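# Structural characterization, general
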Amino acid sequence: MTQSSFDEKRQAKNHTQDELYEVRGNTAGDVLQCADVAEVEKRTTWFVWLLVTCCTISGLLFGYDTGVISGTLVTINGDLGPAQLSDVQKELITSATTLGALLGGLAAGAMSDWTGRRPVLGIADIIFIGGALGQAVCHTVWSMIGCRFLIGIGVGLASCTAPLYIQELSPTRMRGRMVVLNVVMITFGQVVAYGIDAGFANVSGGWRWMVGLGTVPAGIQLICLTFLPESPRILIRRGNIEAAHRVLERVYSQATSEQIDLQLQVLRASVQQSIDIANSTTFFERFNSMITVPVNRRALIIGCGMQAFQQLCGFNTLMYYSASLFQEIGFNQPTAVGLIISGTNFAFTLFALKYIDIVGRRRIMVFSAPGMFLGLALASIAFHYMTLHTGGELVSGVSYSRSWSAIVLLSMIIFVASYATGLGNVPWQQGELFGLEVRGIGTSLSTATNWAGNLLIGSTYLSLMAKITPAGAFGFYAGLCLLGWLFCVFCFPETAGLSLEEVQSIFRDGFGIRESQRMRYQKREMKLQQDIKAEREIHDIGI
């Protein structure tokens, strides 16, 4: 297919979306039809929550693995050969997981388009189990690095596919909250990891238990996946309409058969042009369209930009090296202090869980990102004054001011609380930015950007601390947070309350900040009309 014919199909898709979703003097029948679909979505059943809970085990595995390495690095001692791991060896062990996640994230989207979302999660679980067992029994640095790389592939597959799977099974009004549940489980996994790290910190060879226990949740999810359905959008894309109908019946078990039929009809109409594009183009043509088609390009800039912001702010270096950092600045129980950090992350992610669909993605980001800048700037100042007598460097065994150490801890809590409220959650809503025909590709590229940034930050953190001092390093991260906030202000639109098929239409003439507000306003007006009409009908019946 030529690029011009691809563009023609994209324009046809945009025309279809205009007919389906824009509110332009709807007739009474059109309003009632939309009301029926909306009414179905209000009746979210226990089955949806069960689906999401099973999917979010991937998030727990993701969080557990990123959190457990912090305690592992300070308790390995001489078990892998060297009496103490060097900074380079620590960076390699940490970065191997990130490199694997980068490759896994790149492959996940295309794999999930081909096999479906559910099988990819199963493959990730199998990889998790193999990598965790391998880490638990290894005796050399390089075998540890290899197993961490294997774990990383599983993390990459899961981190891309789980949010995508959740979004495609979730009602529009709760889609953000459902994805945040996955992030809640990531942070909960980090809390669990720090708790297990603390529990095994004084046990001989306890780090082997730390990494090996990751097999438990992976095994549980692998069993649960046998009972989960495939995404109805994927089933429709394959032409398996009956299977999609059965999934909708289970997801909306309280709806009438007419409501299910209408829901399926609207869903089929909304994805038909995406299906036509996907079925008449090659993978490479769709990949190329991520750059050449303006709608896709803008969505990709936002998806990749938000994921880059999430990693370049330096948060995961805190997760990886927090125990080592707090040990150097004088805390006697560094793993326990790390638990405070991960607990803060978990608590404020719960806040985001409640408000992400109410307040909206954009507003949360605009108001939370300055808190990250403040926390990191405060940490930079504290490190500057703390290390004046050691030439600006952190030196092991040197006693540092307890007051400045406490301020470092406070600054980290401020930073993590702000991060968990916004940036820790919002980028993982990435799947809603892309049309179905390129959703797998778009989420793969965005996820790969996340892990590329993670790899860059994780592999340079210790070297950066040594080259430009801790004060310089945290000041540098603060500057990146400021740039990220400006990106959110000028480029990041509001997608809360818009269906997956509506979101793509906001990128036709720009980054969609005003267009998304207009569409959200129109939907609120339509809902108000529906409520007024319902009240009149009730009043007429009463008369």
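Residues numbered from 1 in each chain as written. Predicted model: local features only at pLDDT ≥ 70, side-chain atom pairs only at ≥ 80, totals over all residues. Heavy atoms only, no water.

### A short note on the side chain of Q311
Looking at where Q311 falls in the secondary structure, it is placed in helix α15 (residues 294–312). At 3.3 Å, the side chain of Q311 forms a polar contact with the side chain of N454. Those residues in contact with Q311 that lie beyond four places of it in its chain are N316, N450, G453, N454 and I457. (Helix = DSSP H or I, 4+ residues; strand = E, 2+ residues; numbered from the N terminus. Polar contact = N/O pair within 3.5 Å; in protein donor to acceptor, adjacent residues only side chain to side chain. Contact = heavy atoms within 4.5 Å.)

### A closer look at unusual backbone geometry
A positive phi angle, close to 75 degrees, is found at T469, a residue other than glycine. Structurally, T469 can be placed in helix α20 (residues 436–491). We classify T469 as partly exposed; its relative accessible area is 22%. (Buried < 20%, exposed > 50% of the residue type's maximum accessible area, 1.4 Å probe, protein only.)

### Here we look at the packing of aromatic side chains
All told, the structure shown has 15 aromatic pairs when counted by the stated rule. Judged by centre distance (6.1 Å) and plane angle (90 degrees), the rings of F62 and W428 are edge-to-face. Of this pair, F62 sits in helix α4 (residues 57–73) while W428 sits in the loop between α19 (402–421) and α20, and the two are 366 residues apart along the sequence. According to the relative accessible area criterion, F62 is buried, its value standing at 8%. Summarising the aromatic geometry, the rings of F315 and Y419 are spaced 3.8 Å apart at their centres and angled 10 degrees between planes, so their arrangement reads as stacked. Of the two residues, F315 is situated in helix α16 (residues 315–328) and Y419 in helix α19; the sequence distance between them amounts to 104 residues. When sorted by exposure, F315 lands in the same class as Y419, which is buried. Above the plane of the ring of Y355 lies K354, whose end atom (NZ or CZ) is 5.6 Å from the centre. (Phe/Tyr/Trp six-rings, centres within 6.5 Å; stacked < 30°, edge-to-face > 60°. Lys NZ or Arg CZ within 6 Å of the ring centre and 35° of its normal.)

### A short note on the nonpolar core
Grouped burial of nonpolar side chains is what soluble globular proteins tend to show. Core analysis: the biggest nonpolar cluster contains 138 residues, and M306, F383, M412, F415 and F474 have the highest contact counts within it. Contacts of M306, omitting those with residues within four sequence positions, involve M365, L423, V426, P427, F487, C488 and F492. (Core = buried A, V, L, I, M, F, W, Y, C linked by side-chain atoms within 4.5 Å.)

### Side note on the environment of T447
In this structure, T447 sits in helix α20. Counting along the chain gives 164 residues from T447 to F283, while the straight-line C-alpha distance between them is 18 Å.

### Observations concerning a nonpolar patch on the surface
A contiguous nonpolar patch, built from F373, L482, L483, L486 and F490 and spanning about 480 Å² of accessible area, is present on the exposed surface. Its location among the elements puts F490 in helix α20. For F490, a relative accessible area of 60% gives the class exposed. (Patch = residues over 30% accessible without salt bridge, like charges linked within 9 Å, V, L, I, M, F, W, Y side chains within 5 Å. Areas by Shrake-Rupley, 256 points an atom, 1.4 Å probe, with all protein chains shown as cover. Salt bridge = Lys/Arg side-chain N within 4 Å of Asp/Glu carboxyl O.)

### With respect to the packing of helix α7 (residues 141–169) against helix α8 (residues 175–200)
Put simply, α7 and α8 touch, their axes get as near as 9 Å, and they point 150 degrees apart. With respect to α8, the axis of α7 lies roughly antiparallel. Between α7 and α8 lies a crossing whose hand is right-handed. For the pair α7 and α8, the contacting residues are A162, P163, I166 and Q167 in the first and R175, M178, V179 and N182 in the second. In terms of residue class, the contact of α7 with α8 is built from five nonpolar, two polar and one charged. (Axes fitted to C-alpha atoms, helices over the stretch in contact; angles between N-to-C directions. Parallel < 35°, antiparallel > 145°, perpendicular 65-115°, else oblique. Left-handed = near helix turned anticlockwise from the far one by under 90°. Nonpolar A, V, L, I, M, F, W, Y, C, P; charged D, E, K, R; others polar.)

### Regarding the confidence of the model for the protein chain
Scored by pLDDT, the protein chain has a mean of 82; 90% of the residues are at 70 or more. For residues 16–36, every residue scores under 50 in pLDDT, and the model assigns this stretch 30 contacts once sequence neighbours within four places are set aside. (pLDDT = per-residue confidence, 0-100.)

### Structural notes on α19
Residues spaced three or four apart along an α-helix point in a common direction, a consequence of the helix completing one turn every 3.6 residues. For α19, spanning 20 residues, the distance from its first C-alpha to its last is 29 Å, which sits close to the expected 28 Å at 1.5 Å a residue. Those residues of α19 lying buried are S405, V408, L409, S411, M412, F415, V416, A417, S418, Y419, A420 and T421. Two or three places before S403, at the start of α19, stands the capping residue S401, its side-chain oxygen 3.3 Å from that residue's backbone nitrogen. (Expected span 1.5 Å × (residues − 1).)

### Here we look at the pattern of salt bridges
Enumeration over the complete set of coordinates arrives at seven salt bridges. Among the salt bridges present, the one from R117 reaches E168, with a minimum N-O distance of 2.8 Å. Pair noted here: R117 is in helix α6 (residues 117–137) and E168 is in helix α7, with a separation of 51 residues, a long-range link. Owing to a relative accessible area of 0%, R117 belongs among the buried residues under this scheme. You can call E168 buried: its relative accessible area is 2%. Notably, a salt bridge pairs E168 with R439, separated by 3.0 Å at the nearest N-O pair.

### Structural notes on the environment of V180
Tracing the sequence through the fold places V180 in helix α8. For the pair V180 and V426, spaced 246 residues apart in the sequence, the C-alpha separation amounts to 8.1 Å. Not counting residues up to four positions away in its chain, the partners in contact with V180 are T349, A352, L353, I356, N425 and Q429.

### Observations concerning the side chain of Q221
With respect to the helices and strands, the residue Q221 is situated in helix α10 (residues 215–225). Taking relative accessible area as the criterion, Q221 reaches 1% and is therefore assigned buried. A polar contact of 3.2 Å, which involves the side chain of Q221, links it to the backbone oxygen of C55. Within the structure, Q221 has its side chain in polar contact with the side chain of S58 (distance 2.9 Å). Other than its neighbours up to four places away in sequence, Q221 contacts C54, C55, I57, S58, L61 and D125.

### Focus: α20
End to end, α20 covers just 22 Å across 56 residues, shorter than the expected 82 Å (1.5 Å per residue, more than 12% under). The largest bend along α20 measures about 115 degrees and falls at I468, with the proline P470 one to four residues further on. (Bend = angle between axes of the 7 residues up to and from the residue.)

### Quick word on the environment of W142
Relative to the helices and strands, W142 is located in helix α7. Counting along the chain gives 53 residues from W142 to Q89, while the straight-line C-alpha distance between them is 9.1 Å.

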